[in-house]
Amino acid sequence: MELKDLTPAAGSTHSRKRVGRGNGSGYGKTAGRGMNGQKSRAGGGKRPGFEGGQTPLAMRLPKLPGFRNINRVEYAPVNVSRLDEKFEAGAVVDHEALVAAGIIKKTSTLVKVLGDGEITKPLTIKVDKVSASAAAKIEAAGGKVEELC
């Protein structure tokens with residue numbers, strides 16, 4: 001057997017349907033589109049998702065699930081264990097120090113210190129919010145907490 005002898009399996013290939021090429025072909029005159037109407041015209045037909053003029057399903061359903069509060073204030077969470085590993089004893093932890101340490105990206109970011117982990121060094125914390133457990137751990141280690149807002 002050679003490459004020139006290879007052929008597709010019998011019945012697996014079909015010749016292209018050439019519509020509009022005379023009545024003898026069986027697909028002349030109206031080219032298989034029937035008589036009149038929207039689908040017989042060039043460019044005719046309805047777009048995908050069209051439901052006869054009623055509001056389509058895609059518009060009736062909400063884009064995203066749930067409720068999104070437009071007044072929500074987002075805080076970047078920072079745990080006390082992260083502060084313990086990034087800062088020396090007696091350091092002042094504010095937005096500039098957090099950016100310098102690589103914990104947050106911008107000084108305009110709102111920060112909340114959370115109480116996950118342990119803190120052993122006395123630090124002065126000057127951020128937007130501090131959780132009650134974080135404040136207790138910081139003060140137990142000899143540090144101070146100053147909330148900006």
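One can find the structure itself at the top, above this paragraph.
Residues numbered from 1 in each chain as written. Predicted model: local features only at pLDDT ≥ 70, side-chain atom pairs only at ≥ 80, totals over all residues. Heavy atoms only, no water.

1. Digging into the sheet that holds strand 2 (residues 92-93)
Backbone-to-backbone hydrogen bonds join strands into a sheet, with any given pair of strands oriented parallel or antiparallel.
Next, step 1: Within the open sheet, the 3 strands sit side by side as 2-4-6. Their pairing is parallel. Only two strands of the sheet have a single neighbouring strand rather than two, namely strand 2 and strand 6 (144-147).
Next, step 2: Here 2 bridges tie strand 2 to strand 4 (residues 124-127), and the two strands are oriented parallel to one another. Following the sheet pairing, V93 is matched in strand 4 by I125. (Pairing = 2+ DSSP bridges. Helix = DSSP H or I, 4+ residues; strand = E, 2+ residues; numbered from the N terminus.)

2. Some words on the nonpolar core
Next, step 1: Core analysis: the biggest nonpolar cluster contains 22 residues, and L83, F87, L98, I103, V113 and I125 have the highest contact counts within it.
Next, step 2: Elements supplying a minimum of two residues to this core: strand 1 (76-79), helix 2 (80-86), helix 3 (95-100), strand 3 (111-114), strand 4 and helix 4 (132-140).
Next, step 3: Not counting the four nearest positions on each side in its chain, L83 is found in contact with V78, V93, L98, I103, V113, L123 and I125. (Core = buried A, V, L, I, M, F, W, Y, C linked by side-chain atoms within 4.5 Å. Buried < 20%, exposed > 50% of the residue type's maximum accessible area, 1.4 Å probe, protein only. Contact = heavy atoms within 4.5 Å.)

3. A word on a nonpolar patch on the surface
Next, step 1: Residues M1, L3 and L6 make up a contiguous nonpolar surface patch of about 450 Å² in total accessible area.
Next, step 2: Note on placement: L6 falls in the segment before helix 1 (57-60). (Patch = residues over 30% accessible without salt bridge, like charges linked within 9 Å, V, L, I, M, F, W, Y side chains within 5 Å. Areas by Shrake-Rupley, 256 points an atom, 1.4 Å probe, with all protein chains shown as cover. Salt bridge = Lys/Arg side-chain N within 4 Å of Asp/Glu carboxyl O.)

4. Considerations on the environment of L114
Next, step 1: Along the chain, L114 turns up in strand 3.
Next, step 2: Separated by 66 residues in sequence, L114 and P48 have C-alpha atoms that sit 50 Å apart.
Next, step 3: Aside from chain neighbours lying at most four places away, what touches L114 is P77, V78, N79, V80, S131 and A134.

5. Quick word on helix 4
Next, step 1: Restricting attention to buried positions, one finds in helix 4 the residues A134, A135 and I138. Burial along helix 4 is one-sided: seen end-on, the buried residues are contained in an arc of 100 degrees. Helix 4 presents A132 and A140 as exposed residues on the side facing more than 90 degrees away from its buried surface.
Next, step 2: Taken from the residues just after helix 4, G142 is the one with a positive phi, measuring 95 degrees. (Arc of directions from axis to C-beta.)

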